[in-house]
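# Fold and geometry: a report
One-letter residues, chain by chain:
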Amino acid sequence: MAASVDLNADLGESFGAWKLGDDEAMLDLVTSANVACGFHAGDPALLLRTCRAAADRGVRVGAQVSYRDLAGFGRRFIDVTPEDLTADVIYQIGALQGIAHAAGTTVTYVKPHGALYNTIVSHRDQAAAVAAAVAAVDTGLPVLGLSDSVFFEEAEQRGLRTVAEAFADRAYQPDGTLVSRREPGAVLHDPAEIAERVARMVTAGQVTALDGSAIEVTVDSVCVHGDSPGAVQIATAVRERLTEVGITLAAFS
């Protein structure tokens, strides 16, 4: 059983007049913040405020990189060339590094978002492109993703530290991948149920898949989606339950 685990959330995902989630409340609960970099969400002023708020609370900042897809919130697959994808990811990390520095903090890891995250579980060329981008910027930046993914293989080949992530509020397929958001039951909503599920993930390394089977999961960090309805209540319940079973919440980076 892990003695400690990281709790992360996707933040900085509002854009202009469009408000999404409660970043201030979530930053009081998480230990790491996956901050959008402007390609799927987040405008510069918002990202600066988010990084400052994270710095004030001692929350680690990670670059949440994505396809260039503001209209689709980064949840649509894009058949981008590896060369372009590598450049896009380098650009996003660099942008957030500048904002984080101005806010008195630093970017300490990288996490792909949405469709890019799911695609590079098995898409070798795009996985290699993202890993190459992170390594080109800083080989000391860990990457968050699903364990046993080709992304982790490509990252490890380039000397990057891999951090296995599990999802508090997302359903799993029997093969350990996430159920598509287009499918019924893909997103969970009951805070108590989610908290108990996360406790089992962290203490037993298991989660119940959509078909009822028990599958093994590796958990270095737990994600609660900041844009989910009830995200604050879910994150609060998860924190409280993990504490009850003797798990310390601490950033991995």
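Placed above this text is the structure.
We now turn to the structure provided with this report. On a predicted model such as this, the values are computed, not experimentally measured, just so you know.

### Re the pairing of strand E4 (residues 107-112)
- With respect to burial, E4 is a largely interior element, six of its six residues being buried.
- Bridge analysis of strand E3 (residues 60-65) against E4 gives five bridges, and the strand direction is parallel. Its bridge partner lying in E4, Ala-63 is registered against Val-110.
- Handedness of the crossover is the feature at issue here: the chain leaves E3, passes through helix H3 (residues 82-102), returns alongside E4, and the resulting connection is right-handed.

### Points about the packing of aromatic side chains
- Applying the stated criterion across every chain, the model contains six aromatic pairs.
- Here the aromatic rings of Phe-39 and Tyr-91 are separated by 5.8 Å at their centres, their planes lie at 35°, and the arrangement is tilted. Of this pair, Phe-39 sits in the loop between strand E2 (32-36) and helix H2 (44-57) while Tyr-91 sits in helix H3; the two residues are 52 residues apart in sequence, bridging distant segments of the chain.
- Taking the centre distance of 6.2 Å and the plane angle of 45° together, the rings of Phe-151 and Phe-152 count as tilted. Judged on exposure class, the residue Phe-151 and its partner Phe-152 are both buried.

### Brief notes about helix H6 (residues 150-157)
- The complete set of buried residues in H6 reads Val-150, Phe-151, Phe-152, Glu-154 and Ala-155.
- Elements in contact with the buried residues of H6: E4, helix H5 (124-137), strand E5 (143-145) and strand E6 (162-167).
- Directly after H6, the chain includes Gly-159, whose backbone phi takes a positive value near 80°.

Criteria and cut-off values
Residues numbered from 1 in each chain as written. Predicted model: local features only at pLDDT ≥ 70, side-chain atom pairs only at ≥ 80, totals over all residues. Heavy atoms only, no water. Buried < 20%, exposed > 50% of the residue type's maximum accessible area, 1.4 Å probe, protein only. Helix = DSSP H or I, 4+ residues; strand = E, 2+ residues; numbered from the N terminus. Pairing = 2+ DSSP bridges. Right-handed = clockwise from strand over helix to strand, strands pointing away. Phe/Tyr/Trp six-rings, centres within 6.5 Å; stacked < 30°, edge-to-face > 60°. Contact = heavy atoms within 4.5 Å.

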